Amino acid sequence: MIRALVVAAVLTTPTFAVAQSLEIQSVTEGVWAIVGEMEQRSPENLANNATFGLVVTEAGAVLIDPGGSWQGAEALHSVIRSVTDLPVTHVIDTGGQDHRWLGNGYWQAQGATVIASDAAVQDQQTRASMQMTVLAQLIGDSLTGTEPAHANVTFSDTYTLDVGGLRFEIVHPGSAHTPGDSFVWVPERDTVFTGDIVYVERILGVGDQSSITDWPDAYLAVEATGGAHVVPGHGGPTTMARARADTYDYLMNLRRQIGALIDEGGDIMDAPHVDQSAFSYLEQFDSLAGRNAQTAYQQMEWE
């Protein structure tokens with residue numbers, strides 16, 4: 001059962017911090033966002049530099065994203081125990097980034113069923129070696145215990161999970177930050193967990209695994225839920241209006257700016273200089289804006 005005293009504290013206090021830079025925030029009845037750092041992966045954050053979701057039902061808890069390492073998953077479990085004694089029965093991987101799946105093994109060892117899209121699993125398998133190598137450099141001994149482990153249940157486009165009287169509609173709308181990104185819509189709680197389809201407060205990252213072409217449509221699929229509560233992949237719980245401003249508007253501006261550059265005959269070296277200044281308020285803007293522009297150019301020149 002949910003610990004009444006702890007829940008009361010959550011509902012009367014905006015946030016409280018526990019376990020390796022993770023902050024748990026109440027979203028609505030039985031729903032929490034577990035917000036990690038917006039900086040790079042580190043030994044201190046255990047590769048949990050992202051936002052995770054938790055829904056507590058009468059029949060157990062459902063975790064959206066498992067953490068970026070075995071120890072990162074343990075840290076998440078510590079946070080979860082601060083609001084419920086119920087077991088985590090299901091974990092949903094929303095994509096192929098390390099913090100969306102490399103904690104799977106820990107949760108499977110606890111008896112949880114892990115769910116992911118087919119495209120996410122394929123991406124995880126493709127990038128597992130690279131991700132483990134990079135994490136060994138970034139988090140060092142904090143990677144100890146982590147072994148790649150994949151979902152017990154996979155799906156192509158949609159999957160519906162029923163737990164404790166709540167329906168979890170898991171949708172893979174297409175490529176976004178990674179090829180297998182999914183979002184989770186919980187209509188009875190009017191809440192959507194977006195995974196890496198939505199970033200707020202910090203600039204999103206357009207990597208080689210991303211799709212600058214398909215990502216805007218993936219966002220629109222999230223928006224079509226009409227969810228009153230949005231738990232993004234990075235940043236704190238938010239509104240759909242803020243999600244649109246920080247993610248969709250950024251993507252569309254980048255597409256317009258790079259499209260105009262290509263039409264004018266500009267090359268990839270000019271890409272970092274396109275105008276993204278309207279989004280300079282986002283954290284990590286100086287670090288990522290130029291790289292995003294060059295990756296967008298590489299992808300769009302062949303459209």
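Refer to the structure presented above.
In this text, all values refer to a predicted model and were calculated from it rather than measured experimentally.

Novice: Whenever I open this one, the nonpolar core confuses me. Can you help?
Specialist: A general trend in soluble globular proteins is that nonpolar side chains are found buried together. With 37 residues, the main nonpolar core has Ile197, Trp215, Leu254 and Ile258 as its most contacted residues. Put simply, the parts of the chain that give this core at least two residues each are β11 (183–186), α5 (215–223), α6 (240–263) and α7 (285–300). Sorting elements by how many residues they give to this core places α6 first, with eight residues. Discounting chain neighbours no more than four positions away, the residues touching leucine 254 are Val206, Ile212, Gln276, Asn292, Ala293 and Ala296. Core analysis: the second largest hydrophobic core is formed by 27 residues, Leu22, Ile24, Ala50 and Ala61 among them.

Novice: Before we go on, may I ask you to explain the packing of α6 against α7 in this structure?
Specialist: For the pair α6 and α7, the least separation of the axes is 10 Å and the interaxial angle reads 60°. Taken together, α6 and α7 sit at an angle that is classed as oblique. In terms of crossing hand, the pair formed by α6 and α7 is right-handed. Residues Tyr250, Leu254, Arg255, Ile258, Gly259, Leu261 and Ile262 of α6 form the contact with α7, whose participating residues are Ala289, Asn292, Ala293, Ala296, Tyr297 and Met300.

Novice: Sorry if this is basic, but what is going on with the side chain of arginine 100 here?
Specialist: Structurally, the position occupied by arginine 100 is in the loop between β6 (88–92) and α3 (104–109). A distance of 3.1 Å separates a polar side-chain atom of arginine 100 from the backbone oxygen of threonine 51. Engagement of the side chain of arginine 100 in a polar contact is seen with the side chain of aspartate 196, the distance being 2.7 Å. If we ignore the near neighbours within four places in the chain, the residues touching arginine 100 are Ala50, Thr51, Asp65, Pro66, Asp93, Thr94, Gly95, Gly195, Asp196, Gly233 and His234.

Novice: Is there a simple way to explain the side chain of arginine 127 in this structure?
Specialist: Looking at the element boundaries, arginine 127 is found in helix α4 (residues 118–139). Polar contacts involving the side chain of arginine 127 include one to the side chain of aspartate 123, which spans 2.9 Å. Apart from residues no more than four positions distant in its own chain, arginine 127 is found in contact with Gly96, Gln97, Thr178 and Gln209.

Thresholds applied
Residues numbered from 1 in each chain as written. Predicted model: local features only at pLDDT ≥ 70, side-chain atom pairs only at ≥ 80, totals over all residues. Heavy atoms only, no water. Core = buried A, V, L, I, M, F, W, Y, C linked by side-chain atoms within 4.5 Å. Buried < 20%, exposed > 50% of the residue type's maximum accessible area, 1.4 Å probe, protein only. Helix = DSSP H or I, 4+ residues; strand = E, 2+ residues; numbered from the N terminus. Contact = heavy atoms within 4.5 Å. Axes fitted to C-alpha atoms, helices over the stretch in contact; angles between N-to-C directions. Parallel < 35°, antiparallel > 145°, perpendicular 65-115°, else oblique. Left-handed = near helix turned anticlockwise from the far one by under 90°. Polar contact = N/O pair within 3.5 Å; in protein donor to acceptor, adjacent residues only side chain to side chain.

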